[in-house]
Amino acid sequence: MRHVRDNGGPALDDRGPIIEAPAVLFEITGLTWDDPVLKCYGDTGKIPLYSGKFTERAIIPPFKYSYGGRLRQLLGVDQLGWIADVLRAKPYSKSGWISLTVPGESADAVPCLTSLAFRLRAGRLVMTAAFRSQNAFTAYLNYVPLRSIQTEVADGLTVGCGSMRVFVDVPHIYAADEATVEEILQLSEHDGLGEGESAPGPARRSGRDRGRLRPD
């Protein structure tokens, strides 16, 4: 969110005006729903919805696609099973890439998460997630289920989880969420997050409008 606020400019989206920033690449070394920053600033009520998007094969409204279906039965292929087979046969392989898009599909159903890559390095499974677009305000709701996917594949290979690399081609926030994003950033800066200090308690969430859902 800070990257978009500090480096973004006005742009348009089907769901309204946005603030759009340059592409960004970063790594997450560990993440769960119990993360103290997410418990403080996140919206726990949306966890079941987004978790279902990654586990259920059927499409769950208001989403227009299912990551669970595309990971486990895209064109009849269990892509996670295929990844495991590739890495069992050749642990050094760099070919463990899977796509979540289908050529020629409706443009309004193209998923924001376009591909995943899995590699075994130093006895651990590392993963890269590539997003064509990402709402930075709700990004964490996708990142934690993605970490669960990485853990699932790692467990099947009986190895540990390494880092999760995330590339976002078009990070953005919706203009309608700008005030809420700014409030969260001001609170986090006041709390010294990123400087080794603990996040405050959930009471900080009071007064925010968390009801809108823009399902990226």
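Residues numbered from 1 in each chain as written. Predicted model: local features only at pLDDT ≥ 70, side-chain atom pairs only at ≥ 80, totals over all residues. Heavy atoms only, no water.

A. Spotlight on the side chain of R147. Relative to the helices and strands, R147 is located in helix α6 (residues 140-156). Buried R147, no salt bridge; nearest opposite-charge side chain is E27, N-O distance 9.4 Å. A distance of 2.7 Å separates a polar side-chain atom of R147 from the backbone oxygen of G162. Leave out the neighbours within four places in its chain, and R147 touches I28, T29, G30, L31, C161, G162, S163 and M164. (Helix = DSSP H or I, 4+ residues; strand = E, 2+ residues; numbered from the N terminus. Buried < 20%, exposed > 50% of the residue type's maximum accessible area, 1.4 Å probe, protein only. Lys, Arg positive; Asp, Glu negative; His and termini not counted. Salt bridge = Lys/Arg side-chain N within 4 Å of Asp/Glu carboxyl O. Polar contact = N/O pair within 3.5 Å; in protein donor to acceptor, adjacent residues only side chain to side chain. Contact = heavy atoms within 4.5 Å.)

B. Layout of the packing of aromatic side chains. Counted according to the given criterion, the structure contains five aromatic pairs. Seen in terms of ring centroids, F26 and Y143 are 6.0 Å apart; in terms of plane orientation they differ by 65°. Their pairing is edge-to-face. Here F26 is found in strand β3 (residues 24-28), whereas its partner Y143 is found in helix α6, with 117 residues between them in sequence. One aromatic cluster in this structure is built from F26, F131 and Y143. (Phe/Tyr/Trp six-rings, centres within 6.5 Å; stacked < 30°, edge-to-face > 60°.)

C. Quick peek at the sheet that holds strand β1 (residues 9-13). The four strands are arranged β1-β2-β9-β7 in an open sheet whose pairing can be described as mixed. Where the open sheet ends on each side, the last strands, each with one partner, are β1 and β7 (134-135). As paired elements, strand β2 (residues 16-20) and strand β9 (residues 171-174) share three bridges and run antiparallel to each other. Note that in β9 the partner of I18 across the bridge is Y174. (Pairing = 2+ DSSP bridges.)

D. Geometry of the nonpolar core. Counting residues in hydrophobic clusters, the biggest one holds 38 residues, and the most contacted among them are L113, L116, F118, L125, F131, Y143 and L146. Sorting the residues of this core by element identifies α3 (47-55), α4 (67-72), α5 (79-89), β5 (113-121), β6 (124-131), α6 and β8 (160-168) as the ones contributing at least two each. With eight residues, α6 is the single largest residue contributor to this core. Among the nonpolar cores identified, the runner-up in size contains twelve residues, and I19, A136, F137 and L185 belong to it. (Core = buried A, V, L, I, M, F, W, Y, C linked by side-chain atoms within 4.5 Å.)

On their own, these measurements won't tell you what the molecule is for.
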